[in-house]
Amino acid sequence: MRADRVTPGSQTSLREANRARIVSAVQQRGSLTQIELAGVTGLSPATVSNIVKELTSAGVLHTAHSTRNGRRALKVTLARNLGLVAGVHFGTRSLRVALADASMRVLAEQHMPLAPDHRADTGLRRAALLVGEMLASVDAVPDELLGVGVGVPAPVDVRTGRISTVGMLRGWDEVDVPGLLTDHLGAPVHVDNEANLGALAEARHGAGVGHDSVAYLRVSHGIGGGIVLGDRIVHGRSGVAGEIGHVTIDENGPICRCGNRGCLETFAGAGVLLGMLSSSRGPLTLRDVIDRARDGDAGCRRVLFDAGQHLGVATASLCNIVDPEIVVVGGQLAEAGEILLGPMRTVVEQRTVPAAAGPVQVVAAALGATAEVRGALAVALDTARVGGALGVVSA
């Protein structure tokens, strides 16, 4: 039975529920044609058309003519006057900040390097200043900011917004990230692990679109992971779910920064890879290694091949437990493409339980370096919706 023909309660409550369904679909996906909206929501094209007209008149939605499969179509987005959201991604050595409207259309973005052991208070002040500058650059006032999403390279207790594992991110232990940013910006702040946000962005807008269960690996200077099931991030008891970088692949291996032995990160993290090449190649960056591997450097290719195999071992364990529909690999190391993904895919196929549906897909991320900040924008928008800052105008 079609969703718009079910009549639990009054016609008014049904109409409100249908409006909320349409706004939620546009909010999550950024923009959709009316035909796509009908497919996503289960509502009839006529119902979608009528509701879109109502909400456009009410200033909730905005429509513009476009083409789809060679035909004219009406593209639907959220109206700019609903407010703005900011996304902040603290990488191990970089900061990326973006400002978007309620349709997830990025209006401004900045990226800058950070010292490896940057102080939390300094980084947060810098992020707040950048958000303020971006608001001014689009002629917006601070009151238009509905929410802020923040990603950090460590497990997070999302109930408090604090790092949940001591010593994993030097200088950030016990830091009240939501409190500090709210004081600066006056908007609700949601903090999560960077890989969780990358997973959410790839599931909603990238390589994981159309899949109900998505596993995401962020492979860069560190290694992290996130799992999205049914459009929800899996956090676990204390925010450690998905931390694939600290899966043990050799119980007698090197001591990891987390205190355990033989974690994946001690075999495939950027520092380890660069260290293996330093005696023969001198000081290199991760970008150098990727570029040289693409140009045929045998040593750089071997280092990336071995890293792919190690990633495959840990990913196979994850797949045997979670059984995702797709594994998406992001982070700077994923830019090596099949040099890394080929051996990783082979090991995953060898070590996962055989399934009639065939081996799990292992693909490169679609959003590249912007995945985590896009995820931060998404949770900011979700937080604004749950908190009531982004509502649906009733007819």
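Our subject is the structure that appears above.
Right, let's walk through the structure included here.

What counts, and where the lines are drawn
Residues numbered from 1 in each chain as written. Predicted model: local features only at pLDDT ≥ 70, side-chain atom pairs only at ≥ 80, totals over all residues. Heavy atoms only, no water. Pairing = 2+ DSSP bridges. Helix = DSSP H or I, 4+ residues; strand = E, 2+ residues; numbered from the N terminus. Axes fitted to C-alpha atoms, helices over the stretch in contact; angles between N-to-C directions. Contact = heavy atoms within 4.5 Å. Salt bridge = Lys/Arg side-chain N within 4 Å of Asp/Glu carboxyl O. Buried < 20%, exposed > 50% of the residue type's maximum accessible area, 1.4 Å probe, protein only. Parallel < 35°, antiparallel > 145°, perpendicular 65-115°, else oblique. Nonpolar A, V, L, I, M, F, W, Y, C, P; charged D, E, K, R; others polar. Phe/Tyr/Trp six-rings, centres within 6.5 Å; stacked < 30°, edge-to-face > 60°.

A look at the sheet that holds strand E4 (residues 84-90)
In step 1: The five strands are arranged E6-E5-E4-E7-E10 in an open sheet whose pairing can be described as mixed. Edge positions in the sheet fall to strand E6 (106-113) and strand E10 (189-193), since each of these pairs with one other strand and no more. Going from strand to strand, the sheet's axes swing by 15° on average, the running direction of each strand aside.
In step 2: Strands E4, strand E5 (94-101), E6 and strand E7 (145-152) of the sheet are contacted by helix H4 (residues 120-137), whose axis makes an angle of about 35° with E5.

Remarks on the pattern of salt bridges
In step 1: Summed over all chains, the structure comprises 15 salt bridges.
In step 2: Glu-265 is paired through a salt bridge with Arg-257; the nearest N and O atoms lie 2.5 Å apart.
In step 3: Linking Glu-338 and Arg-345 is a salt bridge whose minimum nitrogen-to-oxygen distance equals 2.9 Å.
In step 4: Its relative accessible area of 22% is what places Arg-345 among the partly exposed residues.
In step 5: Counted as one network, the salt bridges with shared partners bring together Glu-194, Arg-218 and Glu-372.

Topic: the sheet that holds strand E14 (residues 326-330)
In step 1: Read from one edge to the other, the open sheet built from five strands follows the order E13-E12-E11-E14-E15, with strand pairing classed as mixed. Across the chains shown, the open sheet's two edge strands, defined by having one partner strand only, are strand E13 (232-233) and strand E15 (361-364).
In step 2: Where strand E11 (residues 213-219) meets strand E12 (residues 223-229), seven bridges bridge the pair, whose relative direction is antiparallel. Paired with Tyr-216 across the strands is Gly-226, a residue of E12.
In step 3: Against the sheet, helix H11 (residues 338-351) engages E11, E14 and E15, with an angle of about 165° to E15.

A look at the pairing of E11
In step 1: When you tally the buried positions in E11, you get seven out of seven residues, the bulk of the element.
In step 2: Residues of E11 alternate between two faces, with Ser-213, Ala-215, Leu-217 and Val-219 on one and Val-214, Tyr-216 and Arg-218 on the opposite face, all of them buried.
In step 3: Taking the residues between adjacent antiparallel strands as the criterion, E11 and E12 are bridged by three residues.
In step 4: The pairing of E11 with E14 spans five bridges and is classified as parallel. Within the sheet, the bridge partner assigned to Val-214 lies in E14 and is Ile-326.

Describing the packing of helix H9 (residues 286-294) against helix H10 (residues 298-322)
In step 1: The N-to-C vectors of H9 and H10 enclose an angle of 110°; their axes lie 8 Å apart at closest approach. The angle between H9 and H10 places the two elements in the roughly perpendicular class. Contacts between H9 and H10 involve Val-289, Ile-290, Arg-292 and Ala-293 from the former and Cys-300, Arg-301 and Leu-304 from the latter.
In step 2: Split into classes, the residues belonging to the contact of H9 with H10 amount to five nonpolar, no polar and two charged.

Examining the packing of aromatic side chains
In step 1: Considering all chains together, one arrives at one aromatic pair under this definition.
In step 2: Ring centres of Phe-90 and Trp-172 lie 5.0 Å apart, and the angle between their planes is 65°; this geometry places the pair in the edge-to-face category. Of this pair, Phe-90 sits in strand E4 while Trp-172 sits in the loop between strand E9 (162-163) and helix H5 (177-185), and the two are 82 residues apart along the sequence. Neither residue differs from the other here; Phe-90 and Trp-172 are each classed as buried.

Any link to function would need more than the numbers given here.
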